[in-house]
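Per-entry structural report
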Amino acid sequence: MAGTQRQQSIRRALRALAPGIPLADAEAVVELAERRHMKDLPPSTALWLALGSHVRHVHTDYEQLLADGYDREAARFFVVEETDSVLAGWGCQRSVAELPEVEEAAVRTRISRG
């Protein structure tokens, strides 16, 4: 497995979290998790945030809800079940209902390091 130690950790975390994810989705999620604004986060946290974001934006009506005028929180609320369904189909045992807690912890991590 090529790449930096962080990249390898992200890929391992993805295989453990969503073992049935299609390759194209896996590549997109890894790319999101490796973005600059995620560098200060632990690889598993960056991966979970990227996975939830990818599914929400690509596999649900989230973007359409935003375009229809819903704010982010409302749009997220309406796609939680659909997002969890996609994740479950990939073998993921976690729920995106956990994402706000993870995001809050990520912000605290960035602030404490900044």
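Remember, predicted model here, so these are calculated numbers, not experimental data. (Residues numbered from 1 in each chain as written. Predicted model: local features only at pLDDT ≥ 70, side-chain atom pairs only at ≥ 80, totals over all residues. Heavy atoms only, no water.)

When two helices pack together, their arrangement is captured by the angle between the axes and the distance separating the axes. At a minimum axis separation of 8 Å, helix 2 (residues 23–33) and helix 3 (residues 43–59) run at an interaxial angle of 125 degrees. Accordingly, the angle class assigned to the pair helix 2 and helix 3 is oblique. Our pair here, helix 2 against helix 3, has a crossing hand that is right-handed. Mapping the contact onto sequence places Asp25, Ala28, Val29, Leu32 and Ala33 in helix 2 and Ala46, Leu47, Ala50, Leu51, His54 and His59 in helix 3. Broken down by class, the residue content of the contact of helix 2 with helix 3 amounts to 8 nonpolar, 2 polar and 1 charged. (Axes fitted to C-alpha atoms, helices over the stretch in contact; angles between N-to-C directions. Helix = DSSP H or I, 4+ residues; strand = E, 2+ residues; numbered from the N terminus. Parallel < 35°, antiparallel > 145°, perpendicular 65-115°, else oblique. Left-handed = near helix turned anticlockwise from the far one by under 90°. Contact = heavy atoms within 4.5 Å. Nonpolar A, V, L, I, M, F, W, Y, C, P; charged D, E, K, R; others polar.)

Glancing now at the packing of aromatic side chains. Considering all chains together, one arrives at 2 aromatic pairs under this definition. Relative to phenylalanine 78, the ring of tyrosine 70 lies with its centre 5.5 Å away and its plane at 75 degrees, an arrangement referred to as edge-to-face. Geometrically, the ring pair formed by phenylalanine 77 and phenylalanine 78 is edge-to-face, given 5.4 Å between the ring centres and 75 degrees between the ring planes. For phenylalanine 77, a relative accessible area of 61% gives the class exposed. One Lys or Arg, arginine 56, reaches over the ring of tyrosine 62 and ends 5.3 Å from the middle of that ring. We note arginine 94 situated over the ring of tryptophan 48; from NZ or CZ to the ring centre the distance is 4.2 Å. (Phe/Tyr/Trp six-rings, centres within 6.5 Å; stacked < 30°, edge-to-face > 60°. Buried < 20%, exposed > 50% of the residue type's maximum accessible area, 1.4 Å probe, protein only. Lys NZ or Arg CZ within 6 Å of the ring centre and 35° of its normal.)

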